[in-house]
Amino acid sequence: MTDRYAVVGHPIAHSQSPRIHRLFAAQTGQDLSYEAILAPLDGFAVTLRRFVAEGGKGLNVTLPFKAEAFILADICSPRATQASAANTLTVGADGRLWGDNTDGVGLVRDLKEALGLTLFERRLLILGAGGAACGILGPLLEEGPRGLVVANRTAARAEALADRFHCLGPVRGTGLAALAGAGPFDLILNATAASLSDAVPDLPPGLVAAHTVCYDLAYGHGPTAFMHWAQQQGAARAEDGLGMLVEQAAVAFELWRGMRPDTAPVRAALRQGAPQAPDADS
Ligand code: ATR
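Residues numbered from 1 in each chain as written. Predicted model: local features only at pLDDT ≥ 70, side-chain atom pairs only at ≥ 80, totals over all residues. Heavy atoms only, no water.

(A) Spotlight on the site of the ligand. For the ligand, the set of nearby residues contains 13 residues, the closest of which are Asn152, Arg153, Thr154, Arg157 and Ala193. The contact in question runs from an oxygen atom of the ligand to an N or O atom on the backbone of Ala193, over 2.9 Å. When the ligand sits alone it has 640 Å² of accessible area, and the protein chains cover 74% of it. Using a 2 Å cut-off from the grid points, one finds that the ligand occupies the largest pocket. Here the residues of the shell around the ligand sort into five nonpolar, six polar and two charged. (Near = heavy atom within 4 Å. Polar contact = N/O pair within 3.5 Å; in protein donor to acceptor, adjacent residues only side chain to side chain. Areas by Shrake-Rupley, 256 points an atom, 1.4 Å probe, with all protein chains shown as cover. 1 Å grid on protein atoms, 1.4 Å probe; cavity = no way out; pocket = protein on both sides within 12 Å on 5 of 7 lines; lining within 4 Å. Sits in = over half its atoms within 2 Å of the grid points. Nonpolar A, V, L, I, M, F, W, Y, C, P; charged D, E, K, R; others polar.)

Below is the structure:
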């Protein structure tokens, strides 16, 4: 029987997840269906219950429901607990819901395996202190960076986020202006929502050196505003988050189906038809 999976969000029409998972399924010969479900903003729990009652096997959860998915899951993985958010739900044989978060591990796989970067002993800067930053902090700290700075427009949010994660590694939070003199960094990750409105956080000079890699968690048709900024600053590389999107989906697929798909051809297929407007999630 065909196993049923879906991604739930609001909005959802833009989602690349159905395309990615159908490509994974075709590649691995798995008999599954994968659809996009629009849940009302106040109706995620109802949508979830209906999907499970209809025999659904697993869900990806995207904005704005990841925190609610974490709360509704019966059992959560350590990485979902770290992030206080779940982007992947699996329906167990006993009907219980298992919550996981594949965003951070997907990013780390993209950085290390697809882009060939080293994170151990490197100096990292994360811009932003919202849900996107929270989801990647734990897996990045587990890679053993020399230091990780979280910088945010609202400094107090960055400080609070760093406080939550300080037991995992050398992380501190600060405001954007206070970054003056703190650079250069080896890797700068943009986890703000600025790219979605074609803007760049207001950053002081001196953050980028000739070897610095800049990575925008958002992706779109062509370089994002942050990638243009990185190029203007003389960064070695400027990357978008399409690879992270594919890798986080691959980790979810592996959880559900017990096999790891080859992400390279799927990444290439998506590059042929990336969305016109910048997007930041699955
Ligand atoms: P998400 O779940 O996508 O991270 P969020 O929780 O609303 O969304 O967080 C958005 C992040 O982008 C925040 O860090 C926000 O900064 P503030 O906490 O100061 O609001 C950041 N952000 C959004 N637009 C920005 C801009 N134009 N410049 C700098 N930071 C921006």
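(B) Fine view of the pattern of salt bridges. By the definition in use, this model includes 14 salt bridges. Here Arg96 makes a salt bridge to Asp94, at a shortest N to O gap of 2.9 Å. Judged by its relative accessible area of 40%, Arg96 falls in the partly exposed class. Residue Asp94 is classed as exposed on the basis of its relative accessible area of 52%. Among the salt bridges present, the one from Arg109 reaches Glu254, with a minimum N-O distance of 3.2 Å. Here Arg109 is found in helix α5 (residues 103-114), whereas its partner Glu254 is found in helix α9 (residues 242-257), with 145 residues between them in sequence. Judged by relative accessible area, Arg109 falls into the buried class, the value being 13%. According to the relative accessible area criterion, Glu254 is partly exposed, its value standing at 27%. In this structure, a network of salt bridges that share partners links the residues Arg4, Glu35 and Glu54. (Salt bridge = Lys/Arg side-chain N within 4 Å of Asp/Glu carboxyl O. Buried < 20%, exposed > 50% of the residue type's maximum accessible area, 1.4 Å probe, protein only. Helix = DSSP H or I, 4+ residues; strand = E, 2+ residues; numbered from the N terminus.)

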